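Residues per chain are reported as follows:
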Amino acid sequence: MNPKQRTIKSEVSFSGVGLHTGANVTLTFKPAPENHGYKFQRIDLPGQPIIEADVDNVTDTARSTTISQNGASVSTTEHVLAALVGCEVDNVLIELNGIEVPILDGSAIEFVKGIESAGYKEQNAEREYYYIPHNISYSEEDRNVEMMAMPYQDDYRFTCMVDYNSPVLGSQHATITSIGDFKTEIASCRTFVFLHELEMLLKHNLIKGGDINNAIVIVDHELAPEELSDLAKAFNREEIKVAKEGVLNNIQLRHQNEPARHKLLDMIGDLALIGVPLKGHIMAARPGHAANVAFAKKIKAMIKKDRKKKSVNVYDPATKPVLDIKQIMNILPHRQPFLFIDKIIELTKNYVVGVKNVTMNEEFFKGHFPGAPVFPGVIQIEAMAQTGGILVLSTVPDPENYLTYFLKIDKVRFRAQVNPGDTIVFRCDLMEPIRRGIAQMKGVGMVGETVVVEAEMMAQITKVKEN
């Protein structure tokens, strides 16, 4: 059984400047309901628009990751998202009164400390992981970028290598064998920049919030005394020197391979935009925001493809049902000839899987193409609806006293014929938490590995009126 989803117990806020904009901004984590995921809200804009932390919403990866939706944007999302993933928090609303997440010390450690101070609240829904099924690779030849996600059932682990052909930075590796190591091994690692990049950014006024307290500056060329003096003035320092490690002496390295660890941090934050907690081993050579996002899109496409097939694996008739036909009749009011589900083989808070055996003995085959019998599409939808009804009615303690009425059925697609002798396996997933007795579900019916029918349904449960 998977662990439960969790949110935070109380609100927690952070204030600081945006690295690139230099604007003061306050960010607040707020508890969120089950299956909410990560969402940003721009409370400084009219209507307070929501931006979902989704890789499909990425609009810029030039110097950080920016997401946009509903006419609003949030930039430098990677550190805050990495902190949430590293703390294994599933559902949070992230309020901002500006466009850019505050850079703080350039790492994720302050966000982690804030999350831990707020505390964790376990929720009822299970956390549903996506298990990397096979090697998924991504590469960019021109940048020598290579990334791969590999199956690893037990945890979420990372290996990262950076190599910038720099005599100072050289080749560095970083790894964590479990996401549980993030808080101690990765969270405190700060962003880094090469001095020649810093000089260019300063020249173009692109790091208004940088004060070199929040970045490791790697010195990649000889500096004359006057150049050091100019840098000191730019950052309001009396003096700046080059430390023996080849970095400006504004800060001390927290780890010898801190740059590689920070790249790993960025990768965790960017892959959070997939929107699903992962189980697998991620390996990357020379990653960056653009590559991370492209890789995340590839993994998300794989998840979407798998979910379209639905994770109803090969049906084993010998599997003991969760609910047999007698138990189903204790929940559903339907009876022969209008009861179209034979057994329930899976039932959780968020989804249900039911089985319908199609036989030539059923009454409707007498009139529905008796010479070429085909299971009617409308009855497929009814069978799917009855499966979904089991899910909805399982949320009340006395389901026999309730009826399920469908308010809407949408996006119906019939993908293949169903014939006598086939067994349809239906799966219905909640699209969002049930509110005020109303449930929205995505349903899929499969014969073997073939999707035969799919639809979206809205249903309401109503208590039976006593006479």
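Residues numbered from 1 in each chain as written. Predicted model: local features only at pLDDT ≥ 70, side-chain atom pairs only at ≥ 80, totals over all residues. Heavy atoms only, no water.

Q: Explain the sheet that holds strand β24 (residues 450–463) to me, and be specific about the residues and the numbers.
A: Across the sheet, 6 strands lie side by side as β19-β20-β22-β23-β24-β21; this open sheet has antiparallel pairing. Strands at the two margins of the open sheet, each flanked by one partner only, are β19 (343–347) and β21 (402–414). If you compare each strand with its neighbour and ignore which way they point, the axes differ by 25 degrees on average. Pairing between β19 and strand β20 (residues 351–357): 4 bridges, direction antiparallel. (Pairing = 2+ DSSP bridges. Helix = DSSP H or I, 4+ residues; strand = E, 2+ residues; numbered from the N terminus. Axes fitted to C-alpha atoms, helices over the stretch in contact; angles between N-to-C directions.)

Q: Describe helix α1 (residues 78–86), with residues and values.
A: Summarising burial for α1: 9 of the 9 residues are buried, a large majority. Buried within α1 we find Glu 78, His 79, Val 80, Leu 81, Ala 82, Ala 83, Leu 84, Val 85 and Gly 86. One or two steps after α1, the chain reaches Glu 88, where phi turns positive at roughly 55 degrees. (Buried < 20%, exposed > 50% of the residue type's maximum accessible area, 1.4 Å probe, protein only.)

Q: Any chance you could break down empty space enclosed by the protein for me, citing the residues and the numbers?
A: Counting across every chain of the model gives 1 cavity of 30 Å³ or more. The space that makes up the largest cavity amounts to roughly 30 Å³. As for the largest cavity, its lining consists of Thr 76, His 79, Val 101, Pro 102, Ile 103, Ser 107 and Phe 111. Among the residues making up the lining of the largest cavity, the classes are represented as 4 nonpolar, 3 polar and no charged. (1 Å grid on protein atoms, 1.4 Å probe; cavity = no way out; pocket = protein on both sides within 12 Å on 5 of 7 lines; lining within 4 Å. Points joined across faces, edges and corners; volume = space filled by probe spheres on them. Nonpolar A, V, L, I, M, F, W, Y, C, P; charged D, E, K, R; others polar.)

Q: Give a description of the packing of α1 against helix α6 (residues 258–271) that names residues and reports values.
A: Where α1 meets α6, the axes come as close as 7 Å, and the angle between the chain directions of the two elements is 80 degrees. Comparing the axis directions of α1 and α6 gives the class roughly perpendicular. Here Glu 78, His 79, Leu 81, Ala 82 and Val 85 of α1 come into contact with α6, specifically with His 262, Leu 265, Asp 266, Ile 268, Gly 269 and Asp 270. Here the contact of α1 with α6 is built from residues that sort into 5 nonpolar, 3 polar and 3 charged. (Parallel < 35°, antiparallel > 145°, perpendicular 65-115°, else oblique. Contact = heavy atoms within 4.5 Å.)

Q: Give me the lowdown on the side chain of Thr 77, citing residues and values where you can.
A: If you trace the backbone, Thr 77 turns up in the loop between β8 (72–74) and α1. The exposure class assigned to Thr 77 is buried, which follows from its relative accessible area of 0%. Discounting chain neighbours no more than four positions away, the residues touching Thr 77 are Phe 40, Thr 65, Ile 67 and Val 101.

Q: Describe the state of the cysteines, listing the residues and the values that go with them.
A: Using the criterion set out here, one finds 0 disulfides in the structure. Cys 87 takes part in no disulfide bond, and the closest cysteine sulfur to it belongs to Cys 189, at a distance of 15 Å. For Cys 87, a relative accessible area of 1% translates into the label buried. Of all cysteine sulfurs, the one in Cys 160 lies closest to Cys 189, which takes part in no disulfide; the gap is 11 Å. For Cys 189, a relative accessible area of 0% translates into the label buried. (Disulfide = S-S within 2.5 Å.)

Q: Tell me what's going on with the side chain of Asn 57, and back it up with residues and numbers.
A: Of note, Asn 57 is situated in the loop between β5 (50–52) and β6 (58–60). Given the relative accessible area of 13%, Asn 57 is considered buried. Within the local environment of Asn 57, its side chain forms a polar contact with the side chain of Gln 69, the two groups lying 3.4 Å apart. (Polar contact = N/O pair within 3.5 Å; in protein donor to acceptor, adjacent residues only side chain to side chain.)

Q: Pulling in residues and values, what's your account of the pattern of salt bridges?
A: Scanning the entire structure with this criterion turns up 21 salt bridges. Among the ionic pairs, Lys 300 bridges to Asp 56, the shortest N-O distance being 2.7 Å. Of this pair, Lys 300 sits in helix α7 (residues 289–309) while Asp 56 sits in the loop between β5 and β6, and the two are 244 residues apart along the sequence. We classify Asp 56 as exposed; its relative accessible area is 52%. The closest approach of N and O atoms between Glu 456 and Lys 411, which form a salt bridge, is 3.8 Å. Taken as a pair, Glu 456 in strand β24 and Lys 411 in strand β21 lie far apart in primary sequence, 45 residues in all. For Glu 456, a relative accessible area of 19% translates into the label buried. Put simply, Glu 11, Lys 30 and Glu 95 are held in one network by salt bridges that share partners. (Salt bridge = Lys/Arg side-chain N within 4 Å of Asp/Glu carboxyl O.)

Q: Tell me about the packing of aromatic side chains, and please be specific about residues and values.
A: All told, the structure shown has 9 aromatic pairs when counted by the stated rule. For the pair Phe 364 and Phe 365, a centre-to-centre distance of 4.7 Å together with 55 degrees between the ring planes defines the contact as tilted. For Phe 365, a relative accessible area of 2% gives the class buried. Three or more aromatic residues link up through ring pairs in this structure, and these residues are Phe 14, Phe 29 and Phe 111. It is Arg 6 that lies over the ring of Tyr 120; its NZ or CZ is 3.8 Å from the centre. In this structure, Arg 157 is placed above the aromatic ring of Tyr 152, and the distance from its NZ or CZ to the ring centre is 4.5 Å. (Phe/Tyr/Trp six-rings, centres within 6.5 Å; stacked < 30°, edge-to-face > 60°. Lys NZ or Arg CZ within 6 Å of the ring centre and 35° of its normal.)

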